[in-house]
Each structure stands twice: as C-alpha cells, then as structure tokens.
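# Tertiary structure, described
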Amino acid sequence: MVTYLDSTYQETLSLIKEARDYIASGTRARHAWLAPEARLQICCESMRLTARLTQVMAWLMMQRAVQSGEVPVEEAAKPENRLSGQVVCGHVQSTPEGTDQKMQDLLGRSHALYVRIARLDSQLDRT
C-alpha cells in the first residue's frame, strides 16, 4: 500500500501543479467572450477542480503520516480526517459551454482521482 500511496501522491501533486498552471495562465481572458452565466459555470467548475484536489491531497497526507508512524490509525479514522466534500467533489456537472479541452481533461482526471481515493477511504471502515 505504501508504494501505491506514494505513486498516487506524486500523481496528485503533478495534477495540482498542472491545474495551478492552467488556472494561472489566463483563465479569465480565455473565457472573456462567453456570456456571464457561462463564465460563472466555468468558475464554479474551477473551484470544484480545486476542491477535489485539495481533499485528495489532504487525505493522502494523512495516510502518509499514518504510514510513517506520525499519526495513529485511530486518529486518521476520525471523521474530520477522512475524505470529505462528496457533495461537491463527487458531483459531475455537464461541461459548461465554452470549456476548453484542457479544462475538460483536468476535470475528468480530478474526478477519477477523487473517486479512487473515495474507494480507498471507504475501505478504512472495513479494517
């Protein structure tokens, strides 16, 4: 499990950097021609992307702390240390009008990652 967590941590970190670079590279200018409602939807999806990645990274960091012996398993199993945000992060919104291919890719990959981590988190209840 340690190797899987390490590779998933690296995957998540890479996706966070990719999302950061995409968002910092002029998202506003990229969508300036869209109607305000469409821009708002894209903004909401950007926040969903950020929320997913934040939740996944927090969960992975907790699991790494458990693996290294810094945090007891019982502490990691507490509700406040589990994966959260299912209502927002687990939701798949239809792609807003004007969403470019890169954003669609980031949304899809972040959702797949979040779902994988949600499955791992649910396994904590079985141990």
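Structure first, text after, so check above.
This text gives an overview of the structure that appears in the document. Computed from a predicted model, the values in this text were never measured in an experiment.

## Re the state of the cysteines
Following the criterion strictly, the structure yields zero disulfides and no others. Among the cysteines around C44, which has no disulfide bond, C43 carries the closest sulfur, lying 5.8 Å off.

## Considerations on the pattern of salt bridges
Evaluation of the coordinates by the stated rule reveals eight salt bridges. Here D21 makes a salt bridge to R20, at a shortest N to O gap of 2.9 Å. Residue classification places D21 among the partly exposed residues on the basis of a relative accessible area of 43%. Ionic pairing is found between K78 and E75, a salt bridge with its closest N-O pair at 3.0 Å. The exposure class of K78 is partly exposed, given its relative accessible area of 36%. Salt bridges here are not isolated pairs; linked through shared partners, they connect E18, K102, D105 and R109.

## A few points about the side chain of N81
Considering the arrangement of structural elements, one finds N81 in the loop between α4 (73-76) and α5 (86-89). Here E75 takes part through its backbone oxygen, which lies 2.7 Å from a polar atom of the side chain of N81. With residues up to four places along the chain from it excluded, the contact list for N81 reads W59, M62, E75 and A76.

## Considerations on helix α6 (residues 101-123)
Along its 23 residues, α6 runs 33 Å from first to last C-alpha, staying within 8% of the 33 Å computed at 1.5 Å per residue. If you check which residues of α6 are buried, you get M103, L106, L107, S110, H111, L113, Y114, I117, L120 and D121.

Conventions and cut-offs
Residues numbered from 1 in each chain as written. Predicted model: local features only at pLDDT ≥ 70, side-chain atom pairs only at ≥ 80, totals over all residues. Heavy atoms only, no water. Disulfide = S-S within 2.5 Å. Salt bridge = Lys/Arg side-chain N within 4 Å of Asp/Glu carboxyl O. Buried < 20%, exposed > 50% of the residue type's maximum accessible area, 1.4 Å probe, protein only. Helix = DSSP H or I, 4+ residues; strand = E, 2+ residues; numbered from the N terminus. Polar contact = N/O pair within 3.5 Å; in protein donor to acceptor, adjacent residues only side chain to side chain. Contact = heavy atoms within 4.5 Å. Expected span 1.5 Å × (residues − 1).

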